[in-house]
Amino acid sequence: IIRGPVTYELSEKEEYTLEDSDIIETGMDSNATITWPDKSLTRLGPKTRITIEKMYASSNYDDIQIAYSLEQGKVWNTIIRSLVWDSYFEVHLPRESIVAWVRGTTFEVNLENHYIRAISHNTLLTQKKQSVELFPGEMVDSENILILKGKEWLDKTWNDWNTSADFIYESLRK
């Protein structure tokens, strides 16, 4: 975790309270999980770097504002609440000017394999003045949202691991 001029290295299972503007980097053989204020999750794969832009949830969850930029690597996002009114959960890909935003879904962004995929429910993407709505299972190129991608691009090991982790997380929440 990079906060201003200070870098914090965390060991396995160690937790840390994050803030807006924090940068999270994972090493070559490491993963990280962020639990957002609304209890949604983002899992970071190896060699991933994100910057938290906004991280807020009101106590009754009627106002949720979560946004981060993904500079490299891959992330798996599990948004557990339906977002109402002006609430949002956004992933920004600054190099490609892409914003992925959702309301209660699971989706992944994999810059290593160059795709964005909706897993459950729909994921909305914007790039400059173009918009695309991905339905569950659909994938597009992470550099051009108008290019559909096939399953051969899928990172199966990453997918299987996250699907299992989501199942466990959902079971614990009940």
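Preceding this section is the structure that the text describes.
Each value, and the rule that gives it
- Residues numbered from 1 in each chain as written.
- Predicted model: local features only at pLDDT ≥ 70, side-chain atom pairs only at ≥ 80, totals over all residues.
- Heavy atoms only, no water.
- Core = buried A, V, L, I, M, F, W, Y, C linked by side-chain atoms within 4.5 Å.
- Buried < 20%, exposed > 50% of the residue type's maximum accessible area, 1.4 Å probe, protein only.
- Helix = DSSP H or I, 4+ residues; strand = E, 2+ residues; numbered from the N terminus.
- Contact = heavy atoms within 4.5 Å.
- Phe/Tyr/Trp six-rings, centres within 6.5 Å; stacked < 30°, edge-to-face > 60°.
- Lys NZ or Arg CZ within 6 Å of the ring centre and 35° of its normal.
- Polar contact = N/O pair within 3.5 Å; in protein donor to acceptor, adjacent residues only side chain to side chain.
- Patch = residues over 30% accessible without salt bridge, like charges linked within 9 Å, V, L, I, M, F, W, Y side chains within 5 Å.
- Areas by Shrake-Rupley, 256 points an atom, 1.4 Å probe, with all protein chains shown as cover.
- Salt bridge = Lys/Arg side-chain N within 4 Å of Asp/Glu carboxyl O.
- 1 Å grid on protein atoms, 1.4 Å probe; cavity = no way out; pocket = protein on both sides within 12 Å on 5 of 7 lines; lining within 4 Å.
- Points joined across faces, edges and corners; volume = space filled by probe spheres on them.
- Nonpolar A, V, L, I, M, F, W, Y, C, P; charged D, E, K, R; others polar.
- Pairing = 2+ DSSP bridges.

Student: Quick one: what's the story with the nonpolar core, residue by residue and with numbers?
Tutor: Leu70, Phe89, Val91 and Val109 are the most contacted members of the largest nonpolar core, which has 33 residues in total. Of all the secondary structure elements, the ones that give two or more residues to this core are strand E6 (49-57), strand E7 (64-72), strand E9 (88-93), strand E10 (98-102), strand E11 (106-110), strand E12 (115-120) and strand E14 (130-134). The contacts of Val109, once residues within four sequence positions are left out, are Leu70, Gly73, Lys74, Val75, Val91, Leu93, Tyr115 and Ile116.

Student: Quick rundown of the packing of aromatic side chains? Include the residues and the values.
Tutor: The tally for this structure, following the rule as stated, stands at 5 aromatic pairs. Taken together, a centroid distance of 6.4 Å and an interplanar angle of 90° make the contact between Tyr68 and Phe89 edge-to-face. Pair noted here: Tyr68 is in strand E7 and Phe89 is in strand E9, with a separation of 21 residues, a long-range link. Accessibility expressed as a relative area gives 0% for Tyr68, which makes it buried. Classification of Phe89 as buried rests on a relative accessible area of 1%. Through successive ring pairs, a cluster of aromatic residues spans Trp36, Tyr68 and Phe89. The lysine or arginine in question, Arg43, covers the ring of Trp161, its NZ or CZ lying 6.0 Å from the ring centre. Above the plane of the ring of Trp153 lies Lys149, whose end atom (NZ or CZ) is 3.5 Å from the centre.

Student: Got a sec to walk through the side chain of Arg43? Specific residues and values, please.
Tutor: Within the secondary structure layout, Arg43 lies in strand E5 (residues 41-44). Under the relative-accessibility criterion, Arg43 is labelled buried at 4%. A distance of 2.9 Å separates a polar atom in the side chain of Arg43 from a polar atom in the side chain of Asp166. Setting aside chain neighbours within four positions, we find Arg43 in contact with Ala32, Thr33, Lys74, Val75, Trp76, Thr78, Trp158, Trp161, Asn162, Ala165 and Asp166.

Student: Could you give me a rundown of a nonpolar patch on the surface, with the residues and numbers involved?
Tutor: A contiguous nonpolar surface patch, about 210 Å² in accessible area, is contributed by Val6, Tyr8 and Leu10. Looking at the secondary structure, you find Leu10 in the loop between strand E2 (6-7) and strand E3 (23-25).

Student: Talk me through the layout of surface pockets; I want residue IDs and the actual numbers.
Tutor: Approximately 1,300 Å³ is the volume found for the largest pocket. Along its surface, the largest pocket is lined by 36 residues, and Leu10, Glu14, Asn31, Ala32 and Thr33 are the ones closest to its centre. Among the secondary structure elements, those contributing two or more residues to the lining of the largest pocket are E3, strand E4 (32-35), E5 and helix H1 (156-173). With 5 residues, H1 is the largest single contributor of residues to the lining of the largest pocket. For the lining of the largest pocket, the residue count by class is 18 nonpolar, 9 polar and 9 charged.

Student: Let's hear about the pairing of E4: which residues, and what values?
Tutor: Where E4 meets E5, 4 bridges bridge the pair, whose relative direction is antiparallel. The residue bridging Ile34 from the neighbouring strand is Thr42, located in E5. The turn linking E4 back onto E5 is made up of 5 residues, and Lys39 within it adopts a positive phi angle of 80°.

Student: Break down the pattern of salt bridges for me, citing the residues and quoting the values.
Tutor: Between side chains of opposite charge, pairing is possible as soon as their charged atoms come close. Per the stated rule, a full pass over the model turns up 10 salt bridges. The residue Arg3 makes a salt bridge to Asp22 at a minimum N-O spacing of 2.6 Å. Placement of Arg3 in strand E1 (residues 2-3) and of Asp22 in the loop between E2 and E3 is noted, with a sequence separation of 19 residues between them. The class of Asp22 is buried, set by a relative accessible area of 1%.

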